[in-house]
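# Coordinates in review
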Amino acid sequence: ALLVVKIMGYFAMETGVALGSIAAFGTTSTLMISFASQELAKGVANGIEMAASDRFFEGDNVHFGDGTQGYIVKLGFLRTKIRKYDGAVLDVPNSQLGGQRLINVSKTKTCQVLTKLRFSYDDIQSIPGALEICKEEIKKSCPALIVEGKPFR
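How each quantity is defined
One numbering rule holds for all chains: residues counted from 1, following each sequence as written. Thresholds applied to this predicted model are a pLDDT of at least 70 for local features of residues and 80 or more for the giving and counting of side-chain atom pairs; totals over whole chains, interfaces and linings are not thresholded and use all residues. Values reported for side chains reflect all heavy atoms of the structure, with hydrogen atoms and water molecules removed beforehand. Strand pairing is assigned whenever DSSP detects at least two bridges linking the two strands. Secondary structure is summarised from DSSP: a helix means a run of H or I of at least four residues, a strand means a run of E of at least two, and numbering begins at the N terminus for each. Candidates for patches are residues over 30% relative accessible area with no salt bridge; among them, like charges are joined within 9 Å and nonpolar side chains (Val, Leu, Ile, Met, Phe, Trp, Tyr) within 5 Å. Using a 1.4 Å probe, the Shrake-Rupley method yields the accessible areas, and only the shown protein chains count as cover for residues. One speaks of a salt bridge when a side-chain nitrogen belonging to Lys or Arg is within 4 Å of a carboxyl oxygen belonging to Asp or Glu. Under the scheme applied here, a residue whose accessible area is under 20% of the maximum for its type counts as buried, over 50% as exposed, and between as partly exposed, the area being computed with a 1.4 Å probe on protein chains only. Across the chain, each position has a pLDDT score giving the predictor's confidence in that residue, from 0 to 100. In these notes, a set of buried Ala, Val, Leu, Ile, Met, Phe, Trp, Tyr and Cys residues joined through side-chain atoms within 4.5 Å is what counts as a nonpolar core. By the convention used here, residues are in contact when the closest approach between their heavy atoms is within 4.5 Å. Paired rings are identified among Phe, Tyr and Trp, the last through its six-membered ring, by centres lying within 6.5 Å, and are further divided according to the angle between planes into stacked (under 30 degrees), edge-to-face (over 60) and tilted (the rest).

### Digging into the pairing of strand β1 (residues 61-64)
Direction of pairing for β1 relative to strand β2 (residues 69-75): antiparallel, over a ladder of 3 bridges. Looking at the pairing, His63 lines up with Gln69 of β2. Joining the antiparallel neighbours β1 and β2 is a turn of 4 residues, in which Gly67 adopts a positive phi near 100 degrees. By the bridge criterion, 3 bridges tie β1 to strand β5 (residues 102-104) in an arrangement that is antiparallel. Bridge pairing links Val62 to Asn104 in β5.

### Things to note about a nonpolar patch on the surface
There is a patch of nonpolar side chains on the surface, built from Leu40, Val44, Ile48, Phe77 and Leu78 and spanning about 450 Å² of accessible area. Counting through the fold element by element, Ile48 comes out in helix α2 (residues 19-52). Among the residues examined, Ile48 registers a relative accessible area of 45% and is labelled partly exposed.

### Let's talk about the confidence of the model for the protein chain
Close inspection of predicted coordinates is inappropriate for parts of the model with low pLDDT. In the predicted model, the protein chain carries a mean pLDDT of 80, and 76% of its residues have values of at least 70. Put simply, helix α1 (residues 2-15) is where the protein chain has its lowest mean pLDDT, 67, and β2 is where it has its highest, 93.

### Some thoughts on the nonpolar core
Formed by Met50, Phe56, Val62, Phe64, Ile72, Ile82, Val92 and Leu97, the largest nonpolar core amounts to 8 residues. Not counting the four nearest positions on each side in its chain, Met50 is found in contact with Phe56, Leu75, Thr80, Asn94 and Leu97.

### Re the packing of aromatic side chains
What the rule picks out here adds up to 2 aromatic pairs. Where Phe56 meets Phe64, the ring centres are 5.7 Å apart and the plane angle is 90 degrees; that geometry is what we call edge-to-face. An identical accessibility class is assigned to Phe56 and Phe64; each is buried. For the ring pair Tyr71 and Tyr85, a centre distance of 5.9 Å and an interplane angle of 80 degrees mean the geometry is edge-to-face. On the criterion of sequence distance, the pair formed by Tyr71 in strand β2 and Tyr85 in the loop between β3 (79-83) and β4 (89-93) is long-range, its members being 14 residues apart. For Tyr71, a relative accessible area of 39% puts it in the partly exposed group.

Right, here's the structure in full:
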């Protein structure tokens, strides 16, 4: 390294060009380019990882850990397009999606429904009968319903 500095000093005196300044400019430029391309490389790596994995595909209904929800419209190497439930298309960098928790609703085989039934105090005597009617109606309309254990709480 000391030899390189001596040679650059010799050329600077002989040619009148400060090679140290040129080297410093080149080093600074290299650092700037490497920091700028770091996000690009991260996005490409996450895009390749998402394309190679089976976490989600185009058309899947997904919920990400940051609250983003919708359908995958396009899965690219740098960016993913998600159509939100209101119809807006969100363009998200893959570097933001890579490490997030994900619920792929399209791959879910079962679901749970929570419904609140409201009764007045005058109807309190009819609640057990009304619940039995609701249970029977649900069993008729959903033949694949899980009836073993505690499906109704």
